[in-house]
Amino acid sequence: MDLRELIEAVYRKELLVAVRSGEKIPYAEDGAGRFDDKSGDICWWTNGFWAGLLWQLYAYRRNALFRRTAERIEKKLDRNFLSAAGMDHDSGFKWLLTAGADLQLTGSEKSKNRLLLAANDLAGRFNPAGGFLRAWNDETGEKAGWAIIDCMMNLPLLYRAGKLTRDPRFSAIALRHAETARRYLIREDGSARHIAVFDPATGAFSEELGGQGMGRGSSWSRGQAWAIYGFTLSYLHTGRRAFLRTAERCADRFLSLLPASGLVPADLCQPADCPYEDGSAAAIAACGLFELSRATGKGKYRAASRTLLETLAGKRCDFSPARDGLLTHCSVAYQGGEHNIALIYGDYFFTEAVLKFLDKEIFLW
Ligand code: GLY
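Presented here is an overview of the structure given in this document. Treat the numbers as computed from the prediction; the structure is a model and nothing was measured.

### What to know about the nonpolar core
Counting 118 residues, the largest nonpolar core has Leu158, Phe349, Phe350 and Trp365 as the members making the most contacts within it. Those residues in contact with phenylalanine 349, other than ones at most four positions away along the chain, are Phe49, Met153, Trp226, Tyr229, Ala283, Ile284, Cys287 and Trp365. The next biggest cluster of nonpolar side chains, apart from the first, holds 6 residues, and it includes Ile148, Ile195, Val197 and Leu209.

### With respect to a positive patch on the surface
Where like charges cluster on the molecular surface, the positive patch consists of Arg182, Arg241, Arg245 and Arg249. With respect to the helices and strands, the residue arginine 245 is situated in helix H9 (residues 241–256). What makes arginine 245 exposed here is its relative accessible area of 53%.

### Looking at helix H5 (residues 109–123)
Counted at 1.5 Å a residue, the expected span for H5 with its 15 residues is 21 Å, and the 21 Å between its end C-alpha atoms agrees. Within H5 the residues assigned to the buried category are Ser111, Arg114, Leu115, Leu116, Ala118, Ala119, Leu122 and Ala123. Elements that come into contact with the buried residues of H5 comprise helix H3 (64–76), helix H4 (91–106), strand S1 (126–127), strand S2 (132–133), helix H6 (155–165) and helix H7 (168–184).

### Remarks on the side chain of asparagine 127
Tracing the backbone through its elements, the reader meets asparagine 127 in strand S1. Using a relative accessible area of 11% as the deciding quantity, one classes asparagine 127 as buried. Residues in contact with asparagine 127, not counting those within four places in the same chain, are Phe132 and Pro200.

### Remarks on the packing of helix H1 (residues 3–21) against helix H12 (residues 344–357)
In contact at an axis separation of 10 Å, H1 and H12 are set at 145° when each is read in the N-to-C sense. Crossing angle aside, the handedness with which H1 passes H12 is left-handed. In this structure, H1 contributes Leu3, Leu6, Ile7, Val10 and Glu14 to the contact, and H12 contributes Asp347, Phe350, Thr351, Val354, Leu355 and Phe357. Among the residues making up the contact of H1 with H12, the classes are represented as 8 nonpolar, 1 polar and 2 charged.

### Points about the sheet that holds strand S5 (residues 205–209)
As summarised here, the arrangement of the 3 strands in space is S3-S4-S5, forming an open sheet in which the pairing is antiparallel. Of all the strands in the sheet, the pair left with one neighbour each is strand S3 (146–148) and S5. Strand-to-strand, the axes of this sheet are offset by a mean angle of 25°, without reference to chain direction. In this sheet, S5 lies alongside strand S4 (residues 195–198) in antiparallel orientation, the contact comprising 4 bridges. Bridging from a neighbouring strand, isoleucine 195 pairs with leucine 209 of S5. Against the sheet, H7 makes contact with S3, S4 and S5, and its axis sits at roughly 105° relative to S4, the strand it touches most.

### Considerations on the site of the ligand
Taken together, Trp45, Asp150, Gln212, Trp220, Arg222 and Trp226 make up the full set of residues near the ligand. Within the contact set of the ligand, a nitrogen atom lies 2.7 Å away from a side-chain nitrogen or oxygen of aspartate 150. In the model, an oxygen atom of the ligand is placed 2.5 Å from a nitrogen or oxygen of the arginine 222 side chain. For the ligand, whose free accessible area comes to 200 Å², the fraction covered by protein is 94%. The residue inventory of the shell around the ligand, partitioned by class, reads 3 nonpolar, 1 polar and 2 charged.

### Some words on unusual backbone geometry
Backbone geometry at arginine 62 places phi at a positive 55°, although glycine is not the residue there. Take arginine 62: it is sitting in the loop between helix H2 (49–61) and H3. Positive phi values are uncommon outside glycine, yet arginine 166 reaches one of about 55°. With respect to the helices, strands and loops of the structure, arginine 166 is situated in the loop between H6 and H7. Residue arginine 166 is classed as exposed on the basis of its relative accessible area, which comes to 78%.

### What to know about the packing of H1 against H2
Packing of H1 against H2 leaves a shortest axis separation of 11 Å and a crossing angle of 125°. In terms of orientation, H1 lies oblique with respect to H2. Between H1 and H2 lies a crossing of left-handed hand. Only Trp50, Leu53, Leu54, Leu57, Tyr60 and Arg61 of H2 make contact with H1, whose side of the interface consists of Ile7, Glu8, Tyr11, Glu14, Val17 and Ala18. Of the residues belonging to the contact of H1 with H2, the class tally is 9 nonpolar, no polar and 3 charged.

What counts, and where the lines are drawn
Residues numbered from 1 in each chain as written. Predicted model: local features only at pLDDT ≥ 70, side-chain atom pairs only at ≥ 80, totals over all residues. Heavy atoms only, no water. Core = buried A, V, L, I, M, F, W, Y, C linked by side-chain atoms within 4.5 Å. Buried < 20%, exposed > 50% of the residue type's maximum accessible area, 1.4 Å probe, protein only. Contact = heavy atoms within 4.5 Å. Patch = residues over 30% accessible without salt bridge, like charges linked within 9 Å, V, L, I, M, F, W, Y side chains within 5 Å. Areas by Shrake-Rupley, 256 points an atom, 1.4 Å probe, with all protein chains shown as cover. Salt bridge = Lys/Arg side-chain N within 4 Å of Asp/Glu carboxyl O. Lys, Arg positive; Asp, Glu negative; His and termini not counted. Charge placed at Lys NZ, Arg CZ, Asp CG, Glu CD. Helix = DSSP H or I, 4+ residues; strand = E, 2+ residues; numbered from the N terminus. Expected span 1.5 Å × (residues − 1). Axes fitted to C-alpha atoms, helices over the stretch in contact; angles between N-to-C directions. Left-handed = near helix turned anticlockwise from the far one by under 90°. Nonpolar A, V, L, I, M, F, W, Y, C, P; charged D, E, K, R; others polar. Pairing = 2+ DSSP bridges. Near = heavy atom within 4 Å. Polar contact = N/O pair within 3.5 Å; in protein donor to acceptor, adjacent residues only side chain to side chain. Parallel < 35°, antiparallel > 145°, perpendicular 65-115°, else oblique.

Listed below in structure tokens is the structure:
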């Protein structure tokens, strides 16, 4: 596979999608091959990915349309700050890929302000009794003690805010959360739970929930991929080797459960005849394994990353102008009906992975 040809094909496709999408904030592709628009649901957790993809490709080719579109989305997200219920632990996904990218590429003070507002809110979700960041909101308080594996990807917002402000509180909170996640969200065999439930008053761990996976005890593939990439990122930001060892255990488990096809199922424990795939998990894992290989010096992770990428490129990418989505087989969750469709974060991480191999990525985490 020629990576230069691959990134050119991605670029051509995303240019077309950018022209076609106009003001949209894409999330999922509909049956007619067009992305929907989450502008009306401004607090949705995926609302940073399209801007992140545009910034990555802007850095690659300096197309002003990409920059203007990404800047408009960043501004639109300001409405999210006014909704307490809409501010949850996904601030990293939303603002690292919008304001964080803008700050990195243009030095914008407004973007720095947004990044710090988001980080302050995320830090405010810390539960000192349990040492975790609360994941989601709810009116009854039922979820006050819920921590989830996905949050490992939001921690870089805190690490970065700590560096920007020279205030050690941010990384202290991120570190405590990562340690709690290592203990309660990763099982002995290196598989990741999706949700850990704690008593929010005492911090005592009570149970795991299946969340977006098949059920309790299973291995939701995207969660496993968040764990590989997320613990690697915590190592990169803190230098703590325990996080690197955890990332390796998660990676080894993920790779040991992959089917011979190399196509990643929605849950690593699902029945062999279940057709649900999650290309987004494959793309996230490709990114995480690449960074893990750099951090450990182990070539096996880079080789695995490349194989995942090549399998997606060869079998699960639609480069045609007919449809908006690039990765064709992503699943929102094991349960529910949204399977084998294009989702914007699949396209984001696929593009990030290609750029990593070309040494052209802007590192946003
Ligand atoms: N963070 C939610 C998901 O991965 O679906």
